[in-house]
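Chains, contacts and geometry: an overview
These are the residues of each chain, in order.
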Amino acid sequence: MRIAVVGLGYVGLVTAAGLAEWGHDVLGIEANPERLDVLRDGRLPIFEPGLDGLIARHIAGRRIIFSATTSQIASVEVAIVAVGTHDGNGGWQTDTIRACLGDIVPRLADDATLVIRSTLPPEFLPSLAGLVDGLRAASGRPEIPVVINPEFTREGSAVQDFLFPDRVVLGVVRDDTGSGERTLRMVYRAVDAPILAMPAPDAVLTKLGANLFLATKISFANELASLCDQFGADVTSVVDAMGRDARIGTSFLRAGVGFGGSCLPHQVSMTIRSAAQYSMDTPLLKAVDQVNHDQRTAFVDRMEAALGGSLAGRRIALLGLTFKPGTDDLRDAPALTIALSLLGRDADVVAYDPMPTARAATRRMMPALTVVDDVWAALADADGVGLVTEWPEFVSLDWSDVRAVMRGDVVVDGRNALDPAALDAAGFHYTGFGRQVGSARRTVRGARVRRREDTSVTPLIASVAFD
């Protein structure tokens, strides 16, 4: 099939590559000239494992063609919109998608199907059909099918998630004859997974609900870790035992510095704001948001407590800048907030991340932060090490060698990814979240309670009403 993908960010590029891999002919449309130049040069503006090979192969085979304009969009059977809808400040914005629809909808063929892959604010949905119909009528064209097709891909495994999804969701906005659904089923004919057709509001809230639930699981794990700190338990063994209950599972029950990236933090905060506009309270989501932000402060508090109560003049090696391994994405990355907080307490912070593009971007955004190009340069003479992103190269470090180049002996594990016994054997004072050992447990437990002495120790749990 001939398919256009409008907007070549993380979602659009993966979508375009995956469709080409399935044998479709893809027209990739990107308004940003710098991004388009990079793509035409055979490079990628983002890092995603496996994506570069797919893009290169299908450019060479002419399965993917990139364009700055929508002039060729009249020839496609399906137009997929994948532009951003958050404003970068914790809220929704629909200006971009409205402008995109205003450009492409009048140009689409009368037998084409319009697909929205962008994450939509629920309050925008009631106006979508009227917006598209109005644009078609103004250009003297008949109505076309409009379908929501939310994505459920994860950065770091997005290519595999697209090619081998758990499910495909089709939300019908307008499809009087059923031709839109039939067309999308043809688009996804290579997929061995359920294709779930539903009304558009259900599809929008399926996407939003999935991310809100994952965010809740992470914040719950962090709340549980606080209880483990207080009462002397190990959150890793607690979660392992809990997860053996088939109703629960262990996925996303990981304590640490919390979630970042472009989806979970924004969609939690945006949902809270949207609900408030309709006089709806969202105590559970507010608690999820609070716990997540608290974890970044907790990391810095733990480093400070482990170093004797002051960070002034202490050299801290910060390992990891991206919000997760396998990406170069810095959007709402916990490391950036943590670095600012450490600098604000007069620490000397030296950061390293395996991604050169992430290092370069961090230098531009945070000139006060020292970013080095080698992990050992970050570790040299450090008083403390903070693991913020669990890149494999950090987890596999020889910590005896690390101890030999450091001045101090403190490790704060912001992802609970390191082996406490191995760190102890190498001579470190190890601190994790809900899994402290020895004297570090007593120190951090006290610091944790002091930080929350005037608030609820368990805001997430307290948000749930019990009869």
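Note that the coordinates shown come from a computational prediction; the quantities given were computed from them, not determined experimentally.

1. Quick word on the nonpolar core
Ranked by size, the top nonpolar core spans 62 residues in total, and within it Phe299, Leu318, Leu319, Leu342 and Trp399 carry the most contacts. It is helix 12 (residues 334-344) that contributes the most residues to this core, 5 residues altogether. Core analysis: the second largest hydrophobic core is formed by 36 residues, Val5, Trp22, Leu36 and Val168 among them.

2. Description of helix 4 (residues 95-104)
Residues Ile97, Cys100, Leu101 and Ile104 constitute the buried set of helix 4. Burial along helix 4 is one-sided: seen end-on, the buried residues are contained in an arc of 95°. Of the exposed residues in helix 4, those oriented more than 90 degrees away from the buried face are Asp95 and Ala99. Where the residues of helix 4 are buried, they touch strand 1 (2-6), strand 4 (78-81), strand 5 (113-116) and helix 5 (125-138).

3. Re the sheet that holds strand 11 (residues 370-371)
Strand order in the open sheet made by the 6 strands is 11-10-9-12-13-14, with parallel pairing throughout. The open sheet has two edge strands with one neighbour each: strand 11 and strand 14 (429-431). In this sheet, strand 12 (residues 384-387) lies alongside strand 9 (residues 315-319) in parallel orientation, the contact comprising 4 bridges. Following the sheet pairing, alanine 317 is matched in strand 12 by valine 385.

4. Remarks on the layout of surface pockets
Where empty space is left can be seen by rolling a probe of water-molecule size over the atoms. Taken as a whole, the second largest pocket holds about 230 Å³ of empty space. In this structure, the second largest pocket is lined by 14 residues; those nearest its centre are Pro122, Glu123, Ser274, Ala275 and Met280. Elements with a contribution of two residues or more to the lining of the second largest pocket: helix 8 (200-231) and helix 10 (264-277). Counting residues per element, the lining of the second largest pocket draws most heavily on helix 10, which supplies 4 residues.

5. Quick look at the sheet that holds strand 3 (residues 64-67)
If you walk across this open sheet you meet the 8 strands as 3-2-1-4-5-6-7-8, and the pairing is mixed. For this open sheet the edge positions go to strand 3 and strand 8 (195-199), each flanked by a neighbour on one side alone. Looking at each pair of strands side by side, their axes are set apart by 25° on average, direction ignored. Note: strand 6 (residues 146-148) against strand 7 (residues 168-174), 3 bridges, orientation antiparallel. Across the sheet, residue valine 147 finds its bridge partner in strand 7, namely valine 172. With respect to the sheet, helix 1 (residues 10-21) is in contact with strand 1, strand 2 (25-29), strand 3 and strand 4, its orientation differing from that of strand 1 by roughly 165°.

Reading the values: rules and limits
Residues numbered from 1 in each chain as written. Predicted model: local features only at pLDDT ≥ 70, side-chain atom pairs only at ≥ 80, totals over all residues. Heavy atoms only, no water. Core = buried A, V, L, I, M, F, W, Y, C linked by side-chain atoms within 4.5 Å. Buried < 20%, exposed > 50% of the residue type's maximum accessible area, 1.4 Å probe, protein only. Helix = DSSP H or I, 4+ residues; strand = E, 2+ residues; numbered from the N terminus. Arc of directions from axis to C-beta. Contact = heavy atoms within 4.5 Å. Pairing = 2+ DSSP bridges. 1 Å grid on protein atoms, 1.4 Å probe; cavity = no way out; pocket = protein on both sides within 12 Å on 5 of 7 lines; lining within 4 Å. Points joined across faces, edges and corners; volume = space filled by probe spheres on them. Axes fitted to C-alpha atoms, helices over the stretch in contact; angles between N-to-C directions.

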